[in-house]
Each structure stands twice: as structure tokens, then as C-alpha cells.
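Structural features, examined
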Amino acid sequence: MTIVISIHQPGRRLSEMADQILLLSDGEVAYFGSPKDAKGYFEISCKTEAPKRTSLADWMMRLVSKESLPKRWSESSRQCELNEQVRTLLGQRSNPPPKVSMRFHRQFSFLLRRETIFLARSPGIFWWRIVLLTLLALLFGAVWYKIGDDRMRAEEKSAEIWFMVSVFLFVPSAAVPALIEEKRAATREYADGRWCMSAFAAAHFLAELPFLLLATVIPGTVMYWMISLRSGAGRFVYFLGALYSGFIAAEALVFFFASVSSQMLTGVALAVMCNGCFVLLGGIPRPIPNIGWWFRWLEYCVNFQYWTVASMMKNEFDGVLILANVLGFPPRPPLFGDAYLDYLGYPSTW
């Protein structure tokens, strides 16, 4: 760790604690080096001896304020040595980073363990997110509790699936600041040649998977039971799998924006803007066939929210008969689930 302190009148004890001191005279360097060597330098340079029973720091400050020392320092041998060291360091910056000594699998195993411990000890990255998602799942379940199976309820259930996916996959955007801080530390370690960035990226990705699984299973189970989605163990596992895949894609998007952004607010803004675009093109606010072709290509290329919603909709309405809603307003006739998926623009075949 490097600590830099700027002091106008340093005391004796504080000046002796420093490893290096820099004295300025009229804005120019009068001395730079070890405090122990300063006494000898000034005695030779100024042709005077340090007075007894006087603080070395006070004596040097008086010399700096009275004598014209910058010219003497610029011509000293010590300054020439420092210039040579600076040129050497500047030349090293253009060279590639030092080669990593450890093999890839050792780097990966070490980083995987470190990242897992880091995520487990950082409540703001995943633990609070799991609590938040569980509370949201309880809220969704309370609003759509034990919803029915007729035509009107099917439309409400579709809205719930779209809204749940949109909100759940928005939450990872809050992790951008923490990832940017971690990126800065990883960049310094990479510059020191401790490991390669591919090992770090792979270890970070795998370390997140167990936490993402918890963030999927706990809220997903609560919501699936309270809303009374389609029964069956296979349907339930498929629902969790679709949500888990969406979380992985959302986390990858957040990781990408954190890697290309140096400012936290910029990274958060990019993630929120991209997710907001995906939400609008999710298929429920407006059926996908009615969206212009200039936006529709996003659904099939980069919109992971669309594929998450499409998978859950297919899992819920595939091969079922949606009952008529005779008493509702306006009355809605019965409809097969595949026709309903085609109307919304979701795939009706596996």
C-alpha cells in the first residue's frame, strides 16, 4: 500500500517515519529521497552542517525557503539516477504484462474458491437479492393467488408471467457497482501477472451459478404454488429451468456492462436501458406480430426476456383448452392454448 501525505511543516517524528520525502522550493523539486540521506545531501549541497539540538525537518525547511536549491538538485547524481529509473518504468508500461507462472487450472481453482467466498460474504450482491425476490414472489402470489383457468384468467396469468420475468430479470442491474469495483481489483492483479482474465471470467461465472440457483428455486417455488400454475413435476422443473436460464443471461448482460463501463452510474444506466427495451418487446404489452420488423429482430437475437417468457407461456398453455368466460365482460369464447400462443407471437411447438 502506498500512502502520500502533503505537509507544510512536518515534525521530526513524522518525517522520520516516511520512506521517501519530496521537498519543493518555488514549485520545483529541491530534494527527493530517503530522510536518512537528506542530511548528508544538504550538508554537501549547501556547504553547511546541520545544527545540533535542532530538528532535521525544521533545518531543511529553512534551507528550502532561503536557498535556491532546485538547480543544484537537477544537476545532482541522485536526480540522474531517478530520471533513469523513470525512463525504465515508462518503457515497461508499453511491454505486455508479465507472464503468469501458474497453469490455467490452478488459476481457475484458486479464483473459483476466492470468488465463491467473496460472493458468500457480500450480502449486497446475492443474499439481499434473494430476500428481495422472495418478497416479490410473495407479493405476486398474493395478487394472483389461485387464479382460475378460464379465458379472462388466462390473460391475467399471461400478464403475471410477463411482469414477473420483467421485474425479476431487472434486479441483477443493481449489482453493476459491485462488479465494477471487482473489475478494478482484477485489472490490477492481471497487470501484476497473477493470472489471466479468461480464468477470472470463468471462475466468476461458475461461482455465481449456485447463488443464482437459490435465487431461482426459493422465489420460483413460492410463486408457482401460490399462483397455482400448471400442475406436474415436469412442468414445475421446466418453469424453474426457464427462470434460471433467464437469470444467467441477465447476469451475463450485467457483467458485460460492468466490464465496459468505468463509471458506476454509466453501467447501471446501460443495463436499465437495455432491460427496459427488452421489457417493452416482451410480447404482452403488444403482440409480437403487431410490432414493426425494425424491432422484431431483437426478439430472436438478443432479447433473453422474450425467450424466458415464451418458454413459460409454452409450458403453461401448451395443449390445454382455455375455458370460455361467459359471465365476464366482454364475454370470451373458449380457445385452445396453441392458438392463444400463436396470437401472442410465441412459439406453439417445442
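In the block above lies the structure referred to throughout.
What counts as what
Residues numbered from 1 in each chain as written. Predicted model: local features only at pLDDT ≥ 70, side-chain atom pairs only at ≥ 80, totals over all residues. Heavy atoms only, no water. Helix = DSSP H or I, 4+ residues; strand = E, 2+ residues; numbered from the N terminus. Buried < 20%, exposed > 50% of the residue type's maximum accessible area, 1.4 Å probe, protein only. Contact = heavy atoms within 4.5 Å. Salt bridge = Lys/Arg side-chain N within 4 Å of Asp/Glu carboxyl O. Pairing = 2+ DSSP bridges. Patch = residues over 30% accessible without salt bridge, like charges linked within 9 Å, V, L, I, M, F, W, Y side chains within 5 Å. Areas by Shrake-Rupley, 256 points an atom, 1.4 Å probe, with all protein chains shown as cover.

Inspection of the secondary structure assignment puts Thr134 in helix α7 (residues 123–143). Exposure remark for Thr134: the relative accessible area of 18% places this residue in the buried category. For Thr134, the contacting residues outside a window of four places in its chain are Ile218 and Pro219.

Another point: the pattern of salt bridges. With the rule as written, the count across this model stands at 5 salt bridges. Of the charged contacts in the structure, one is a salt bridge between Arg235 and Asp318, with a shortest N-O distance of 4.0 Å. Here the residue Arg235 occupies a position in helix α11 (residues 233–260), and Asp318 occupies one in the loop between α14 (304–317) and β3 (321–322), the gap between them amounting to 83 residues. Residue classification places Asp318 among the buried positions, given a relative accessible area of 15%. Salt bridges here are not isolated pairs; linked through shared partners, they connect Arg235, Lys314 and Asp318.

Okay, unusual backbone geometry next. Although it is not a glycine, Ser228 adopts a positive phi angle of roughly 65°. In this structure, Ser228 sits in the loop between α10 (197–227) and α11.

Turning to the pairing of strand β1 (residues 21–25), a few remarks are in order. Here is the key point about a regular strand: its side chains alternate between the two faces of the sheet. The side-chain alternation of β1 yields one buried face, formed by Ile21, Leu23 and Ser25, and one unburied face, formed by Leu22 and Leu24. Examined bridge by bridge, β1 and strand β2 (residues 28–33) share 5 bridges and lie antiparallel to one another. Opposite Leu23, over in β2, you have Tyr31 as the bridge partner. A loop of 2 residues connects β1 with β2, the two strands running antiparallel in sequence, and Asp26 in this loop sits at a positive phi of about 55°.

Residues Ile3, Ile5, Ile7, Leu14 and Met17 make up a contiguous nonpolar surface patch of roughly 530 Å² in combined accessible area. Along the chain, Met17 falls in helix α1 (residues 12–17).

Read these as geometric descriptors, not functional statements.
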